[in-house]
Amino acid sequence: MDNVPNSEHFTLSPIGHLVSDYPDKFGIPRQPGLAPAANAKLVLVTPYNDPLAVRGLEDFSHLWLTFIFHQSPQRWSPLVRPPRLGGNKKVGVFASRSTHRPNRLGLSLVRLVGIDTQQGVVLQLQGGDLVSGTPVVDIKPYLPWAESQPDAQAGFAPQAPPLLAVSFHPSALDTLAQRDDSASLYALIEQVLSQDPRPAYKQKGSDSERLYGVRLRDVDVKFRQHQKGEATTLEVMAIDTYAAQ
């Protein structure tokens, strides 16, 4: 067994950064692939933006991205509270996908839909779960024959969480209809809100007057809870354009 001194450190250099449909952390699906309408670009930086570095990558449909949770504080705890467990029960940090990790490293599986090598290298991606500006430190092609394990156990998250129904107020639909990306933005809003981005303790309430906002692309989506009997839906009330930073 190798002896690795506890004082040894490793330096990671970002190979690029993400430009995604998620300008803020709030509302981002907690796993990749849950919002396939989400678009992103991975812009490689010098010297990793040499087209030779991605030769052959176009033959793969999906990629693993290793990235840094750069908006998470540089601290960690041995116990965390996964949102999947309602934010109350604690599990070990290494039994979770919490952003509060010792080295703030994350892993995301995304679909590769295009490669632009006209000026450097830009990868066109879909289905990601990363906030815009995320530093990426590595790319690896996904191998389904080696990495797909249908019989694997998934602990406290054995299946995808249930989805809520999402409706749109007529004024919100009118706003969408005026956009060139109306169809894809509609799909993105529906896919994100159906997973209920509200804090876990808010999801159990019945406050239908509270208005929430989630930023997607260049819009601020205002939504609220609608309760009819036992059925909970989220209604999009307004879609306002904001000035992107």
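Everything quoted here is computed from the prediction, not taken from an experiment.

Trainee: Quick rundown of the pattern of salt bridges? Include the residues and the values.
Mentor: Under the definition given, this model contains nine salt bridges. Close ionic contact of Asp24 with Arg215 constitutes a salt bridge, the shortest N to O distance being 2.6 Å. Here Asp24, found in the loop between strand 1 (16-20) and strand 2 (39-44), pairs with Arg215, found in strand 10 (residues 212-216); they are 191 residues apart in sequence, far enough to count as distant. Residues Arg198 and Asp196 are paired through a salt bridge, measuring 2.8 Å at the closest nitrogen-oxygen approach. Through salt bridges that share partners, Asp21, Arg179, Asp181, Arg217 and Asp218 make up one connected network.

Trainee: Explain the pairing of strand 7 (residues 122-126) to me, using residue names and the numbers behind them.
Mentor: In this sheet, strand 7 lies alongside strand 2 in antiparallel orientation, the contact comprising five bridges. Pairing of Asn39 across the sheet is with Gln126, part of strand 7. With five bridges connecting them, strand 6 (residues 105-116) and strand 7 associate as antiparallel partners. Bridging from a neighbouring strand, Arg111 pairs with Gln126 of strand 7.

Trainee: A description of the environment of Ser20 should follow, citing residues and the corresponding values.
Mentor: The topology assignment puts Ser20 in strand 1. Through-space distance from the C-alpha of Ser20 to that of Ile189 is 14 Å; in sequence the pair is 169 residues apart. Excluding anything up to four places from it in sequence, Ser20 contacts Asn39, Ala40, Leu130, Val131 and Ser132. At 2.8 Å, the side chain of Ser20 forms a polar contact with the backbone oxygen of Leu130.

Trainee: How would you explain the nonpolar core if you had to name every residue and give the values?
Mentor: Where a protein is soluble and globular, its nonpolar side chains tend to be buried together. By size, the foremost hydrophobic cluster in this structure holds 24 residues, and its most contacted members are Tyr22, Leu188, Ile189, Leu193, Leu216, Val221 and Val236. Secondary-structure elements contributing two or more residues to this core are strand 9 (165-168), helix 2 (170-177), helix 3 (182-193), strand 10, strand 11 (219-228) and strand 12 (231-241). No other element matches the five residues that helix 3 contributes to this core. If sequence neighbours within four positions are ignored, Leu188 has contacts with Asp21, Tyr22, Ala35, Ala37, Ala38, Leu216 and Arg217. In terms of nonpolar packing, the next biggest core, distinct from the first, is built from 19 residues, Leu42, Phe69, Leu112 and Leu123 among them.

Trainee: Explain the packing of helix 2 against helix 3 to me, using residue names and the numbers behind them.
Mentor: It is at 9 Å that the axes of helix 2 and helix 3 come closest, and there the two elements cross at 140°. If you check the angle between helix 2 and helix 3, you find them oblique. Side by side, helix 2 and helix 3 meet where Leu173, Leu176 and Ala177 of the first sit next to Ser182, Leu185 and Tyr186 of the second. In the contact of helix 2 with helix 3, the residues fall into five nonpolar, one polar and no charged.

Trainee: Outline the packing of aromatic side chains, supporting the account with residue identities and numerical values.
Mentor: Geometrically, a pair of aromatic rings is defined through the distance of the ring centres and the angle of the planes. If you walk through the whole model with that rule in mind, you get four aromatic pairs. Here Phe67 and Phe69 contribute two aromatic rings whose centre-to-centre distance is 4.9 Å and whose plane-to-plane angle is 75°, an arrangement assigned as edge-to-face. No difference in accessibility class separates Phe67 from Phe69, as the two residues are buried. Note on Phe168 and Tyr186: the rings are 4.3 Å apart at their centroids and 20° apart in plane angle, and the pair reads as stacked. Of this pair, Phe168 sits in strand 9 while Tyr186 sits in helix 3, and the two are 18 residues apart along the sequence. The ring of Tyr242 has Arg215 sitting right over it, with the charged end atom 4.2 Å from the ring centre.

Trainee: Describe the sheet that holds strand 9, with residues and values.
Mentor: Adjacent strands of a sheet form backbone hydrogen bonds with each other and so pair up, either parallel or antiparallel. Taking strand neighbours across the sheet as the criterion, the four strands line up as 9-12-11-10 in an open arrangement whose pairing is mixed. The strands lining the two open edges of the sheet, one partner per strand, are strand 9 and strand 10. Averaged over all pairs of adjacent strands, the angle between strand axes in this sheet comes to 35°, irrespective of strand direction. Bridge analysis of strand 9 against strand 12 gives four bridges, and the strand direction is parallel. Looking across to strand 12, one finds that Phe168 is bridged to Val236. Each of strand 9 and strand 12 touches helix 2; the most contacted strand, strand 12, lies at about 45° to it.

Each value, and the rule that gives it
Residues numbered from 1 in each chain as written. Predicted model: local features only at pLDDT ≥ 70, side-chain atom pairs only at ≥ 80, totals over all residues. Heavy atoms only, no water. Salt bridge = Lys/Arg side-chain N within 4 Å of Asp/Glu carboxyl O. Helix = DSSP H or I, 4+ residues; strand = E, 2+ residues; numbered from the N terminus. Pairing = 2+ DSSP bridges. Contact = heavy atoms within 4.5 Å. Polar contact = N/O pair within 3.5 Å; in protein donor to acceptor, adjacent residues only side chain to side chain. Core = buried A, V, L, I, M, F, W, Y, C linked by side-chain atoms within 4.5 Å. Buried < 20%, exposed > 50% of the residue type's maximum accessible area, 1.4 Å probe, protein only. Axes fitted to C-alpha atoms, helices over the stretch in contact; angles between N-to-C directions. Parallel < 35°, antiparallel > 145°, perpendicular 65-115°, else oblique. Nonpolar A, V, L, I, M, F, W, Y, C, P; charged D, E, K, R; others polar. Phe/Tyr/Trp six-rings, centres within 6.5 Å; stacked < 30°, edge-to-face > 60°. Lys NZ or Arg CZ within 6 Å of the ring centre and 35° of its normal.

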